Each structure stands twice: as C-alpha cells, then as structure tokens.
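Observations on chain architecture
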Amino acid sequence: MTILFYILSALAVLSAVAVISFRQPVYSALSLVVTLFSLAGLYLTLHAEFLAIIQILTYAGAILILFIFIIMLLNLNKDELKEQTPALWRRIVLALLGGFLFAGLWWGVKKLSGDSAKLTEGFGSIASSGKLLFTEYVLAFEISGILLTVALIGALVLAKRRLNYLPEEKN
Amino acid sequence: MSITHYLTLAIALFSIGLIGVVLRRNLLVAFMSIELMLNGANLSFIAFSRYLGDMQGQMAAFFIVILAAAEAAVGLAIIVLLFRRQGSVQSSVFQNLKDKVGV
C-alpha cells in the first residue's frame, strides 16, 4: 500500500508539472490524463471505488476528450503556440508564492494525526454512494442535472456560428 | 498511509495548478491548470472522507466532478468563440476589455 501510494503520487506530481511546462497544449492534455489516472488509483487506496470510476469515466474520458477535441479544432499554428517566456524575476516570485502556499497549508495539515476512523461495511461502494445520492442528496443531484443541461445549452449558444447580435466575423 | 500524506499531495497539486494559471499565457493550458486545482481539492475531500469514515466528503467530490464538466464545456466554448473573433488563444487578447481612459 505504501509503495503504491508513493509511486502514484510521484506520477501525479511529475505529470502535473509536465502539464504546466509543455509548450504544446496536446502534450499538456496527455500529461493531464496521466495525473487523472494516478489520482483515480489513489482514490482506490482511499476506498472510494465509485469516485475512482467516475474520475476515469468523466474526467479522463469526457472532459479530456473535450479538451483534445478543441485543441485539434482550433488547429493552432507555430506562431500561436509561441509564448513569451516570463521574466526570470516573475518566475522566481511565482515559485516563491507557490512554495509559501504549499508551506502554509502543509503547516496546518501536519498537525492532523491519529488513525483513520473505522470504516463501515460497503464504504465508498457504488451501492452506498447511490443510496446516499438518491436519499440525502437527491435535491443536489437533480440540480446538478439542471446545471449540466444549462451548461450544454450555454456551450451550444456560445459556439454556434453567426448569431445575429454578434458583429460580423473576421473571416 | 496517514491522511497527512494524501493532504500533502493535494496541496502540491493545488500549488502547481495555481502556478500554471498565473504563469501560462495559453488559455487552454491555464484552463487545464484549473482542472489540476479542482483535482487537488477533490483529493483532500476524499482523504478527509476516509479519515472521518464519513461518505459526505465523497459526495462533495462527486458534485465537484459534475461542476468541472459543466465548467469545461462552457469555458471551452468561450475559448472557441474568442479564437474565432480574435484569432488567438493567448490571455493577452483579453486586454481589450481594459478601460482605455482610466489606466
């Protein structure tokens, strides 16, 4: 278990760093897939089977496909991908800020101690998650259905070509 | 593994995501960094859920995944629209939202 945790977390952190450092967005998206898969593995070690499946299906499946699809649709050329490298002082300041954020949060976290609670039968399984979703969280569940519908309609309206109220397009 | 290990990883992912959002000029990559931050938050929810033996944290993480899906759909549509109108996905194209008189 311990070795599994270290392998998966090293994989997650390395690929997360790769996400923000690759120049090509496609490589970033593929590194993000690696991060999401290793996180799904970590969810399994935390007895969250349902969420591990959701992570792979929704995140690594749907959302990342959407990203890659958009990247290919936009078909960015070389000039477009060229970014100014931020000045060195900005990178140093940012790294320091990130380091401070990490240190500050970690300082709060490291005081937590003691053993984890005893788990009940079927903790994190699909059956118990479904039972919770359809009893205690049924309102939130329905509202998130509406949220997804609204997002779908919104995305359609935004991405649709030639709307009357938009000024004429460049090409 | 204790909860501290998992939370440390969650904090690391969140910090990396934050650095990515601020550092990168490409909107697509900045967007992916936001996904990284959301995943860091998700991991801490699930770690606490295991620590407390309570499924509520897992439910919160579930709704965050739904939220991320909706956010990705709308956000990417905005990026496509922006690319069509400005021909670029650099965050500097948003500069024309700036008040020209004031600053």
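This structure is a prediction, so every number in the text was calculated from the model and none was measured. (Residues numbered from 1 in each chain as written. Chains lettered and ligands numbered in written order. Predicted model: local features only at pLDDT ≥ 70, side-chain atom pairs only at ≥ 80, totals over all residues. Heavy atoms only, no water.)

**Brief notes about the overall build of chain B**
Let me state the cut-off plainly: Secondary structure elements are taken from DSSP: a helix is a run of H or I of four residues or more, a strand is a run of E of two residues or more, and numbering for both begins at the N terminus. We call a residue buried when its accessible area falls under 20% of the maximum for its residue type, exposed when it is over 50%, and partly exposed in between, using a 1.4 Å probe and counting protein chains only.
Looking only at helices and strands, one finds 3 helices and 0 strands in chain B. Each helix (α) and strand (β) of chain B, taken in turn from the N terminus, gives the series α-α-α. Along the three orthogonal principal directions, the C-alpha set of chain B runs to about 55 × 25 × 25 Å. When each of the 103 residues of chain B is scored for burial, the buried share is 60%.

**Let's talk about the side chain of Ser38 of chain A**
Residue and element names in this part refer to chain A. Keep this limit in mind: Pairs of residues are marked as contacts when any of their non-hydrogen atoms sit within 4.5 Å.
Along the chain, Ser38 falls in helix H2 (residues 25-45). Note on Ser38: relative accessible area 2%, which makes it buried. Beyond its immediate sequence surroundings of up to four residues, Ser38 is in contact with Leu8, Leu11 and Ala12.

**Quick word on the domain arrangement of chain A**
All names here are of chain A. Definition in use: In this entry, domain limits derive from an automatic or database-based domain assignment. Two parts placed together each lose some accessible area under a 1.4 Å probe, and the buried area is that loss summed for both.
According to the domain assignment, chain A contains domain 1 (1-78) and domain 2 (122-161). Taking only C-alpha atoms, the centre of domain 1 and the centre of domain 2 are 22 Å apart. The partner domain 2 presents 6 residues to the 6 residues of domain 1 that form the contact. A buried area of about 410 Å², summed over both sides, lies between domain 1 and domain 2, and 67% of it is on carbon and sulfur atoms. On the domain 1 side of the interface with domain 2, the three residues burying the most area are His47, Glu49 and Phe50, jointly 84% of the side's total.

**Considerations on the side chain of Arg24 of chain B**
Where we set the bar: Throughout this description, a polar contact denotes any pair of N or O atoms lying within 3.5 Å of each other; where both atoms belong to protein, one of them has to be capable of donating a hydrogen while the other can accept it, and for residues adjacent in sequence the pair is counted only when both atoms sit in side chains.
Take Arg24 of chain B: it is sitting in the loop between helix H1 (3-23) and helix H2 (27-52). Reaching out from Arg24 of chain B, the side chain makes a polar contact with the backbone oxygen of Phe22 of chain A at a distance of 2.7 Å.

**Overview of the interface of chain A and chain B**
Rules: Each residue gets one label: Ala, Val, Leu, Ile, Met, Phe, Trp, Tyr, Cys and Pro are nonpolar, Asp, Glu, Lys and Arg are charged, and the others, such as Gly, are polar.
Every contact between the two is made by 85 residues of chain A and, on the other side, 72 residues of chain B. On the chain A side of the interface with chain B, the three residues burying the most area are Ile20, Leu46 and Phe67 of chain A, jointly 10% of the side's total. Where chain A meets chain B, there are 9 residue pairs in polar contact (both at pLDDT 80 or more). Every element with two or more residues in the side of chain A that touches chain B is listed here: helix H1 (2-21), H2, helix H3 (49-74), helix H4 (78-81), helix H5 (88-109), helix H6 (126-134) and helix H7 (138-159) of chain A. It is H3 of chain A that contributes the most residues to the side of chain A that touches chain B, 13 residues altogether. Grouping the constituent residues of the side of chain A that touches chain B by class yields 55 nonpolar, 17 polar and 13 charged.

**A closer look at the nonpolar core**
Here is the rule: The set of buried Ala, Val, Leu, Ile, Met, Phe, Trp, Tyr and Cys residues whose side-chain atoms join them within 4.5 Å is what this entry labels a nonpolar core.
Formed by 69 residues in total, the largest nonpolar core has its most connected members in Leu74 of chain A together with Leu28, Leu36 and Phe62 of chain B. At the level of elements, H1, H2, H3 and H6 of chain A together with H1, H2 and helix H3 (56-86) of chain B are the ones that each hand at least two residues to this core. Sorting elements by how many residues they give to this core places H3 of chain B first, with 14 residues. Both domains that meet at this core, namely domain 1 (1-78) and domain 2 (122-161) of chain A, each give it at least three residues. With near-sequence residues (within four places) excluded, Leu36 of chain B lies in contact with Ala16, Val19, Ile20, Leu32 and Thr35 of chain A together with Leu13, Ile16 and Gly17 of chain B.

**With respect to H2 of chain B**
Because each turn of an α-helix spans 3.6 residues, side chains separated by three or four positions end up pointing in the same direction. All names here are of chain B. Quick reminder of the rule: Here, expected helix span is obtained from the residue count minus one, scaled by 1.5 Å.
The end-to-end C-alpha separation of H2 is 38 Å, in line with the 38 Å expected for 26 residues at 1.5 Å each. The buried fraction of H2 is high, at 21 of 26 residues. Sitting at the amino-terminal end of H2 is Asn26, which places a side-chain oxygen 3.0 Å from the backbone nitrogen of Leu28.

**Remarks on H6 of chain A**
We apply this condition: This arc describes the spread of directions from the helix axis toward the C-beta atoms.
Turning to H6 of chain A, its buried residues number three or more, namely Ser129, Leu132 and Leu133 of chain A. Down the axis of H6 of chain A, the smallest arc covering the buried residues is 100°, so these residues share one side. Structural note: H6 of chain A exposes Ala127, Lys131 and Phe134 of chain A on the side pointing more than 90 degrees away from its buried face. Buried positions along H6 of chain A lie against H3 and H7 of chain A together with H3 of chain B.

**With respect to a nonpolar patch on the surface**
Spelled out, the test is: Surface patches are defined over residues having more than 30% relative accessible area and no salt bridge, joining like charges when they lie within 9 Å and nonpolar side chains (Val, Leu, Ile, Met, Phe, Trp, Tyr) when within 5 Å. In this description, accessible areas are obtained by the Shrake-Rupley approach with a 1.4 Å probe, and a residue is regarded as covered only by the protein chains that are shown. Salt bridges, as used here, are contacts in which a Lys or Arg side-chain nitrogen is within 4 Å of a carboxyl oxygen on Asp or Glu.
Together, Leu88, Ile92, Leu96 and Phe100 of chain A give the surface a local cluster of nonpolar side chains, amounting to about 440 Å² of exposed area. Mapped onto the secondary structure, Ile92 of chain A falls in helix H5.

**So, the packing of H7 of chain A against H3 of chain B**
Angle between the axes and distance between the axes: these two values describe a pair of packed helices. Filter applied, for reference: To define axes, lines are fitted to C-alpha atoms, for helices over the stretch in contact only, and angles between the resulting N-to-C directions are given on a 0 to 180 degree scale. By definition in this entry, angles of less than 35 degrees are roughly parallel, angles greater than 145 are roughly antiparallel, angles of 65 to 115 are roughly perpendicular, and the rest are oblique.
One can describe the packing of H7 of chain A onto H3 of chain B by two numbers: an axis separation of 9 Å at closest approach and a directional angle of 10°. With respect to each other, H7 of chain A and H3 of chain B are oriented roughly parallel. On H3 of chain B, the residues that touch Ala140, Phe141, Ser144, Leu147, Leu148, Ala151, Ala155, Leu158 and Ala159 of chain A of H7 of chain A are Phe62, Phe63, Ile66, Leu67, Ala69, Ala70, Ala73, Val74, Ala77, Ile78, Leu81 and Arg84 of chain B. Of the residues contributing to the contact of H7 of chain A with H3 of chain B, the split by class is 19 nonpolar, 1 polar and 1 charged.

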